[in-house]
Amino acid sequence: MSTTTLELDVTDLARHIQSTGLRNRWYGICPTELIGDGPIGVVRLGERLVVWRDRDGQYHVQEDYCPHRAAPLSIAKHLGDRLACRYHGVEVDGSGTVVSVPGMPGCALEGRQALKTYPSIVLRDALFAWFGDELHPEPAPFVPSTRLTSEEYDAFLCYVEYGTPYQFMIENNLDPMHGSYLHADSHSMSEGDRAATFSVRGTDNGFVFEKDGQRDTNFDWSEWIDTSMQYIELEIPYPATGGPGGNFGIVSHMTPIDEYTTACFFWRNRKVSGWQRDVWRFLYKNRLEARHWAVLEQDREVAEVMQPVPPGVEHFYQHDLGVTRVRKLLRKEAEQQAGELTDARSARHQARQETAKVAPGSSPAG
Ligand code: FES
Ligand SMILES: [Fe+2]
């Protein structure tokens, strides 16, 4: 987390964490196809990052500040196994170690692990990184959806960046009822009852939010899953033109870029194998993908004009149980993370003061 958060009190820190994303999770950074030959600069969870791929094909996610005087490394020269800062040529490798200070060889900066480096991993065409806070620098095991890891599923990554807070996009995906209205004229969400009641069912890592008495007809359920990665699973039936293989699923995962912008990862997936997989891949590329994009555009049009509003402006009804539940979960954990960080920071501060008090008067034993 950025050092600027050191000055925040516990309430503001909780607000910051909630609006820029819970820490101690794996987050998608970008599709790997966006990372070309040179380093690129991105912002994720409000943190400036440089992302690059070394000559052995290994991806790196690091703070976008040169360890010398903080020029962005996203404009550095790519030297194969390291980056050379444009400003004074300091060279840093993928572990964050300064390997050369060409202007002053042998200076103390050489050999120092001076650049914050985020553990990273690639899955289903996306690069992920671990965003641990000061108390959790070591990554938890990466536990993504089995729809992204199992051989039984095939999946296409669809990536968009929207000008809306990430919580709105989470809420959009935990709101099946908008399918029957916002997407009523779409290829997959015109069927079924346009009124419903819902139930919430708790699970080990989240909850399922589902319509009572209607399944596999429209967008009828979605599931919030929070492991070491937060994501939503949902299914929607294809019309007959969708070919064999049953419902299509979406695994959606939101990475806050900052408070107001979101990197959205949608893996459209289907449980298909053999010839059915081939048919789906063909149909997806030739017909279905364009229809899916049209649906997503309807979401974008609403999401990008929604605004955070003060308490009391929204009036929830039963369809919003998924939304209110996930809001509460995110708020509670943001408060918990902020509380633990604030306690640890004040304990460190106190220890430093104790040391400073003892130091001047202390004398060697005896
Ligand atoms: S700021 Fe990068 S080498 Fe000086
Ligand atoms: Fe939608």
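What counts as what
- Residues numbered from 1 in each chain as written.
- Chains lettered and ligands numbered in written order.
- Predicted model: local features only at pLDDT ≥ 70, side-chain atom pairs only at ≥ 80, totals over all residues.
- Heavy atoms only, no water.
- Helix = DSSP H or I, 4+ residues; strand = E, 2+ residues; numbered from the N terminus.
- Buried < 20%, exposed > 50% of the residue type's maximum accessible area, 1.4 Å probe, protein only.
- Contact = heavy atoms within 4.5 Å.
- Areas by Shrake-Rupley, 256 points an atom, 1.4 Å probe, with all protein chains shown as cover.
- Lys, Arg positive; Asp, Glu negative; His and termini not counted.
- Charge placed at Lys NZ, Arg CZ, Asp CG, Glu CD.
- 1 Å grid on protein atoms, 1.4 Å probe; cavity = no way out; pocket = protein on both sides within 12 Å on 5 of 7 lines; lining within 4 Å.
- Points joined across faces, edges and corners; volume = space filled by probe spheres on them.
- Nonpolar A, V, L, I, M, F, W, Y, C, P; charged D, E, K, R; others polar.
- Pairing = 2+ DSSP bridges.
- Salt bridge = Lys/Arg side-chain N within 4 Å of Asp/Glu carboxyl O.

Asks: What exactly am I supposed to notice about the overall build of the chain here?
Replies: Looking only at helices and strands, the chain has five helices and 18 strands in total. Taking the principal axes of its C-alpha atoms as reference, the chain extends roughly 85 × 45 × 35 Å. Relative to its 366 residues, the chain shows a buried fraction of 48%. Relative to all contacts within the chain whose residues are 6 or more apart in sequence, the contacts with residues 24 or more apart total 60%. Total accessible area on the chain stands at roughly 17700 Å², and carbon and sulfur atoms take up 52% of it. Each charge class in the chain can be summarised by its mean position, and for the 37 positive and 51 negative side chains these summaries are 2 Å apart.

Asks: Before we go on, may I ask you to explain empty space enclosed by the protein in this structure?
Replies: Any empty space left between the atoms is revealed when a probe the size of a water molecule rolls over them. The final tally for this structure, using the stated rule, is two cavities of 30 Å³ or more. Of the volumes computed, that of the largest cavity is approximately 230 Å³. Ile236, Ile250, Val295, Leu296 and Asp299 are, among the 19 residues lining the largest cavity, the residues nearest its centre. For the lining of the largest cavity, the elements supplying multiple residues, two or more each, are α3 (166–173), β16 (230–236), β17 (248–258), β18 (261–271) and α4 (274–303). Counted by class, the lining of the largest cavity contains 10 nonpolar, seven polar and two charged residues. Forming the boundary of the second largest cavity are Ile170, Trp224, Gln230, Tyr231, Ile232, Ser252, His253 and Met254. Only β16 and β17 provide two or more residues apiece to the lining of the second largest cavity. Counted by class, the lining of the second largest cavity contains five nonpolar, three polar and no charged residues.

Asks: What is the right way to look at the pairing of strand β12 (residues 153–162) in this model?
Replies: Looking along a regular strand, one sees the side chains alternate between the two faces of the sheet. Of all 10 residues in β12, nine are buried, a share of seventy percent or more. Sheet topology places β12 next to β18; 10 bridges connect them, and they run antiparallel. Each bridged residue has a counterpart across the sheet, and for phenylalanine 156 the counterpart in β18 is arginine 268.

Asks: Explain the pattern of salt bridges to me, please; I cannot follow it from the model alone.
Replies: Two side chains bearing opposite charge may form a pair once their charged atoms approach each other closely. Considering all chains together, one arrives at 26 salt bridges under this definition. Between arginine 345 and glutamate 134 there is a salt bridge, with the nearest N and O atoms lying 2.8 Å from each other. Within this pair, whereas arginine 345 is found in helix α5 (residues 321–361), its partner glutamate 134 is found in the loop between β11 (126–131) and α2 (146–149), the two being separated by 211 residues in sequence. Note on glutamate 134: relative accessible area 33%, which makes it partly exposed. As a salt-bridge pair, arginine 281 and aspartate 154 come within 2.6 Å of each other at their nearest N and O atoms. You can see arginine 281 sitting in helix α4 and its partner aspartate 154 sitting in strand β12, a full 127 residues away along the chain. Residue class for arginine 281 comes out partly exposed when judged on its relative accessible area of 35%. One salt-bridge network, in which partners are shared between bridges, spans Arg55, Asp81, Arg82 and Glu91.

Everything listed is a geometric property; what it means functionally is a separate question.
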